[in-house]
Amino acid sequence: MRHIAIVGSGPAGYYTAEAAVKKWGDDARIDIFDKLPVPFGLIRTGVAPDHQSIKAVARRYEKTAIGQSVRFIGNVDVGGSVSIEELGSLYDAVILATGAPQDRPLEIPGARTGNVFGSAAFVGWYNGHPEFAGMDPVLSGKHAVVIGMGNVALDVARILAKTEAEFAGSDIVAHALEALRGSAIEKITILGRRGPHQIMMTPKELGELGTLDRAAPQVDPADLPPVADDAVLEPGVRKSVTLLREFAQPAAADRNAKPVSIEFDFFASPRAITATNGWVSAIEVERTRLETGRAVGTGETYNLPADLVVSCIGYRTSAIEGVPFDQRAGHFANDEGRILPGLYCVGWAKRGPSGTIGTNRPDGYGVIDTVDEDIAASSGKAGRAGFDELAQERGIEIVTFRDWQKIEEAEIAAAREGAPREKFVDIESMIAARGA
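Notes on the structure in this doc start here.

### Examining the packing of aromatic side chains
Consideration 1: With the rule as written, the count across this model stands at 15 aromatic pairs.
Consideration 2: Pairing Phe33 with Tyr91 gives two aromatic rings, centres 6.0 Å apart and planes at 90°, and the pair type is edge-to-face. Taken together, the positions of Phe33 in strand S2 (residues 28-33) and Tyr91 in the loop between helix H5 (84-90) and strand S4 (93-96) put the pair 58 residues apart, joining distant regions of the chain. Tyr91 shares its class with Phe33; the two are buried.

Here it is in structure tokens:
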């Protein structure tokens, strides 16, 4: 019997568990650990609340979770209440699928000014992540600046621009919906160091900006390269650039009729944040130019009014004591998923924040093939029974998948009209709900 511990219950974790079941069947016991009492990681707290079709992939993970071979163990802080070394003594293989939950820092003067947030924190706020639910972003100003040219930047801009009615069917949490209801934001600037051909935005997400009820996207035609240059682009990027060209020619009537503008500012690199009484009031930007694909400063600077800044420039994996970490890359140091004997990583914890949710599936199957090469059929380790004994000794209150199903039932019962659920946003409420 193989005993496998997977740390992290997001897409990478569940695809890895699925692969383990297909590889070994009943000859393995797979325990999936999560720091939170609830599973699914990025699906629950990272995917935009108005993208319910993407969140539906969790139903696939449920099929794996309810099998006899797999067990969800929530409310366990691996690296805190239980060490990696201890897990390694109990399980034949420990696979880190912890994702990249930390913001890549915005390293400019003033980055710690009030009302300046990283996207992990801001997205966590409107998605109800317990770590960020208590944040209180001030939306009473007129100007918001979103730094970054990827889909997360689009998510943030779209959430800030939507009307309350447009959140129908979403699972945005109540405290965020209430704050957005009172928002005074009139202009959202999306800031990118490079040009339209270098964006990381997909056509579907970019196209959503053109369908908003009260907001109109705008692009400066001068920022767009000649149309003929689009021919060399990968098809998805070419579709996105075509949308940008449409945004550069909005109907004047539509632009004037909508009270919120979403303006793309290309070839613009943030240099410093200006504070007034401790709160952001402007952001200093340097105009850039491209040299062999890289953004190079021109020395020309200007100030953008900014009452709210959200930095969407990437993510990093959280380091764990005792696990080699690549500080430069922002993920665990590994060789094709191998970290140390018996210790592996998968997904964003292995390769950094890249690809889609589905990219984690071949990654998960690949790491299980690697584990199969490395470990024997059985080492005689205690596995699940050994962890249960350890948890009891330490008074760790674990949450099972059956407990999660009770929590989910309570969230569905508490949903406002038209919403799929109302998430619990603190750990105590989650744990209490399993007894409901």
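### Topic: the pattern of salt bridges
Consideration 1: Under the criterion given, the structure shown has 32 salt bridges.
Consideration 2: Linking Arg71 and Asp31 is a salt bridge whose minimum nitrogen-to-oxygen distance equals 3.5 Å. Taken together, the residues Arg71 in strand S3 (residues 70-73) and Asp31 in strand S2 connect sequence positions 40 residues apart. In this pair, the class of Arg71 matches that of Asp31, namely buried.
Consideration 3: The residue Glu373 makes a salt bridge to Arg338 at a minimum N-O spacing of 3.3 Å. Here the residue Glu373 occupies a position in helix H13 (residues 360-374), and Arg338 occupies one in strand S18 (residues 338-340), the gap between them amounting to 35 residues.
Consideration 4: In this structure Glu373 comes out as exposed when scored by relative accessible area, which is 62%.

### Remarks on the nonpolar core
Consideration 1: Formed by 48 residues in total, the largest nonpolar core has its most connected members in Leu160, Ile188 and Phe264.
Consideration 2: A total of seven residues in this core trace back to one element, the largest contributor, which is helix H7 (residues 151-161).
Consideration 3: Ignoring anything within four residues of it in the chain, the contact list for Leu160 reads Phe122, Leu139, Ala144, Leu180, Ile185, Ile188, Arg214 and Leu308.
Consideration 4: The next biggest cluster of nonpolar side chains, apart from the first, holds 40 residues, and it includes Phe72, Val367, Phe401 and Ile407.

### Side note on the sheet that holds strand S7 (residues 143-147)
Consideration 1: Spatial strand order, S6-S14-S7-S8-S10-S9: six strands in an open sheet with parallel pairing. Every other strand in the sheet has two partners, leaving strand S6 (116-118) and strand S9 (215-219) as the edge strands with one partner each. Taken pair by pair, the neighbouring strands of this sheet meet at an average axis angle of 20°, ignoring direction.
Consideration 2: As paired strands, S9 and strand S10 (residues 260-265) are joined by five bridges and run parallel to one another. Residue pairing across strands places Pro217 opposite Ile262, the latter belonging to S10.
Consideration 3: Against the sheet, H7 touches S7, strand S8 (187-191), S9, S10 and strand S14 (308-311), its axis set at about 180° to S8.
Consideration 4: Sheet strands touched by helix H10 (residues 235-247): S9 and S10. Its angle to S9, the strand with the most contacts, is close to 105°.

### What about the packing of helix H1 (residues 11-24) against helix H4 (residues 58-65)?
Consideration 1: The contact between H1 and H4 brings their axes to 9 Å, and the two run at 45°. Here H4 runs oblique to H1, going by the angle between their axes. The handedness of the crossing between H1 and H4 comes out as left-handed. Contacts from Pro11, Tyr14, Tyr15, Ala17 and Glu18 of H1 reach H4 at Arg60, Tyr61, Thr64 and Ala65.

### Observations concerning the side chain of Asp171
Consideration 1: Position of Asp171 among the secondary structure elements: in the loop between H7 and helix H8 (174-181).
Consideration 2: The residues touching Asp171, leaving out its near neighbours within four places in the chain, are Pro49, Gln52, Lys55, Pro420, Arg421 and Lys423.

### Details of unusual backbone geometry
Consideration 1: Phi at Thr292 is positive, roughly 50°, even though this residue is not glycine.
Consideration 2: Tracing the chain through its elements places Thr292 in the loop between strand S12 (279-291) and strand S13 (294-305).
Consideration 3: By relative accessible area, which is 84% here, Thr292 ends up exposed.
Consideration 4: A positive phi angle, near 55°, is found at Glu336, a position not held by glycine.
Consideration 5: A relative accessible area of 60% places Glu336 in the exposed class.

### Observations regarding the environment of Gly88
Consideration 1: With respect to the element layout, Gly88 can be found in helix H5.
Consideration 2: Taking relative accessible area as the criterion, Gly88 reaches 26% and is therefore assigned partly exposed.
Consideration 3: Setting aside residues up to four positions removed in sequence, Gly88 forms contacts with Val94 and Lys381.

### So, the sheet that holds S3
Strand pairing in a sheet is mediated by backbone hydrogen bonds. Such pairs are either parallel or antiparallel.
Consideration 1: Pairing is mixed in the open sheet, where six strands are placed in the order S3-S2-S1-S4-S19-S18. Since the sheet does not close on itself, it has two edges, and those belong to S3 and S18, each with one partner. Adjacent strand axes in the sheet meet at a mean angle of 25° when their direction is disregarded.
Consideration 2: In this structure, strand S1 (residues 2-7) lies alongside S2, joined through six bridges in parallel fashion. Each residue of the ladder has a partner; that of His3, found in S2, is Arg29.
Consideration 3: Where helix H14 (residues 383-394) meets the sheet, it contacts S1, S2 and S3, and its direction lies at approximately 20° from that of S3.

Calculation rules
Residues numbered from 1 in each chain as written. Predicted model: local features only at pLDDT ≥ 70, side-chain atom pairs only at ≥ 80, totals over all residues. Heavy atoms only, no water. Phe/Tyr/Trp six-rings, centres within 6.5 Å; stacked < 30°, edge-to-face > 60°. Helix = DSSP H or I, 4+ residues; strand = E, 2+ residues; numbered from the N terminus. Buried < 20%, exposed > 50% of the residue type's maximum accessible area, 1.4 Å probe, protein only. Salt bridge = Lys/Arg side-chain N within 4 Å of Asp/Glu carboxyl O. Core = buried A, V, L, I, M, F, W, Y, C linked by side-chain atoms within 4.5 Å. Contact = heavy atoms within 4.5 Å. Pairing = 2+ DSSP bridges. Axes fitted to C-alpha atoms, helices over the stretch in contact; angles between N-to-C directions. Parallel < 35°, antiparallel > 145°, perpendicular 65-115°, else oblique. Left-handed = near helix turned anticlockwise from the far one by under 90°.

What is shown is where atoms sit, not what they do.
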